[in-house]
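# Residue-level structural notes
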Amino acid sequence: MRTTFHEELGRLETAIQAEGELVLRSLRACVGALEAQDDEIDGSYSSNQESIHTLLARQTPVAGDLRLVLAMLHINLHLERMGDYCVTIAKLTKLAHGLASDRALVEGIDEMGARAEEMIRVALDSFGNRDLEGAERLVELDELIDRANRRVAGEILRLGTDESAREWGLRMLLVSRCLERIGDHAVDIGEQTAYLVTGEFREFTDASHPEGRT
C-alpha cells in the first residue's frame, strides 16, 4: 500500500513539473507575441488538482508525505495563475500590434520576460531537488525583476504626448505588471519548497501581498 502511495506521489510530482514546463513555454510564446497555451495549462491544473484530492481521500499521508502533498497543492495553483498571466500578456501584446512602439521599452519587457523565465526555472528546480538555498535565491531574483518593472514604468513616463505611443506604453505597463506578478508566484513556490524541506512555513517577502508594500 505504501509503495503504491509513494508511486502516486512520484507521478504527481512529475505532473507538477510538466505543468511548470507548460508555463515556461507559454511565457516564451506570449512575450514573443505568439499564441498562449492556457487550455493545456488549465487541463493540467485540473487533472493535478483532482489527483491530489483523490490521493488525500484514499490515503492518510503524515509528516513529510503530508507536507509534499500540501506543497504540490499550492504549487499547482501558483502555476495555473502564472498561465493566466501569460494569457493576459498575449492579449495585451496583440492589442498593441500596430501602435507606435519604443525600443527601450521593448528591451525592458524582454529583460523582464527573461527574468521571469529564470525565476520559474529556479523555483521548479529547487522544488524538484529539495534545494532550500536555491529556493531562497528567488528573493534576490525577485528584487531584480522588481527593478526592471520600475525601469519600464519610468520609460513609459517619457513617451510624451503621442497618443499611439502612450496607448502602446500603457499596454506594456500592464504586461510589465503581469511579468512582475509571475515572479511573485515563483517566490511563492520557493516558499513551499522551504516548507517542504524545513517543516516550517515562512514568507520570504511580502510578494504575495503587494498592497502591503511601501
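Read on for a plain summary of the structure.

What counts and how
Residues numbered from 1 in each chain as written. Predicted model: local features only at pLDDT ≥ 70, side-chain atom pairs only at ≥ 80, totals over all residues. Heavy atoms only, no water. Helix = DSSP H or I, 4+ residues; strand = E, 2+ residues; numbered from the N terminus. Rg over C-alpha atoms; globule rule 2.2 N^0.38 Å. Buried < 20%, exposed > 50% of the residue type's maximum accessible area, 1.4 Å probe, protein only. Contact = heavy atoms within 4.5 Å. Areas by Shrake-Rupley, 256 points an atom, 1.4 Å probe, with all protein chains shown as cover. Lys, Arg positive; Asp, Glu negative; His and termini not counted. Charge placed at Lys NZ, Arg CZ, Asp CG, Glu CD. Phe/Tyr/Trp six-rings, centres within 6.5 Å; stacked < 30°, edge-to-face > 60°. Lys NZ or Arg CZ within 6 Å of the ring centre and 35° of its normal. Core = buried A, V, L, I, M, F, W, Y, C linked by side-chain atoms within 4.5 Å. Expected span 1.5 Å × (residues − 1). Axes fitted to C-alpha atoms, helices over the stretch in contact; angles between N-to-C directions. Parallel < 35°, antiparallel > 145°, perpendicular 65-115°, else oblique. Left-handed = near helix turned anticlockwise from the far one by under 90°.

## What to know about the overall build of the protein
- Each helix and strand counted, the protein has seven helices and zero strands in total.
- Across the protein, helices and strands are ordered from the amino to the carboxyl terminus as α-α-α-α-α-α-α.
- For 214 residues, the compact-globule estimate of 2.2 N^0.38 gives 17 Å, and the protein sits close to it at 19 Å.
- Overall, the protein is about 65 × 35 × 25 Å in size when its C-alpha atoms are taken along their principal axes.
- Residues classed as buried in the protein amount to 46% of the 214 residues present.
- Looking at the protein alone, contacts between residues at least 24 apart form 79% of all its contacts between residues at least 6 apart.
- Just so you have it, the protein exposes about 10,500 Å², and 52% of that area is on carbon and sulfur atoms.
- Across the protein, 24 positive and 40 negative side-chain charges occur, with their mean positions spaced 1 Å apart.

## Section: the packing of aromatic side chains
- Throughout the structure, instances matching the rule amount to zero aromatic pairs.
- Above the face of the Phe-127 ring, Arg-130 is positioned so that its terminal group lies 5.2 Å from the ring centre.

## Considerations on the environment of Ser-101
- Secondary-structure assignment places Ser-101 in the loop between helix H3 (63-95) and helix H4 (103-129).
- Look at Ser-101 and you get exposed, because its relative accessible area is 52%.
- Taking the C-alpha atoms as reference points, Ser-101 and Met-172, separated by 71 residues in sequence, lie 9.5 Å from one another.

## Here we look at the nonpolar core
- Leu-179 and Ile-182 are the most contacted members of the largest nonpolar core, which totals 53 residues.
- Contributing elements (two or more residues each) for this core: helix H1 (2-31), helix H2 (38-58), H3, H4, helix H6 (138-157) and helix H7 (163-198).
- For Leu-179, the residues in contact, after removing those within four places along its chain, are Leu-27, Val-31, Ile-89, Ile-109, Met-112, Gly-113, Ala-116 and Ile-145.

## Focus on unusual backbone geometry
- A positive phi angle, near 50 degrees, is found at Ala-63, a position not held by glycine.
- Counting through the fold element by element, Ala-63 comes out in helix H3.

## Regarding H4
- Along its 27 residues, H4 runs 39 Å from first to last C-alpha, staying within 8% of the 39 Å computed at 1.5 Å per residue.
- One or two steps after H4, the chain reaches Arg-130, where phi turns positive at roughly 55 degrees.

## Concerning the packing of H3 against H4
- Where H3 contacts H4, the axes come no closer than 13 Å and their chain directions differ by 165 degrees. Taken together, H3 and H4 sit at an angle that is classed as roughly antiparallel. The two elements H3 and H4 meet at a crossing, and its hand is left-handed. Taken together, the residues of H4 that come into contact with H3 (itself represented by Leu-68, Met-72, Ile-75, Leu-79 and Met-82) are Ile-120, Leu-124 and Phe-127.

Fair warning: the whole summary comes from geometry, so function is off the table for now.
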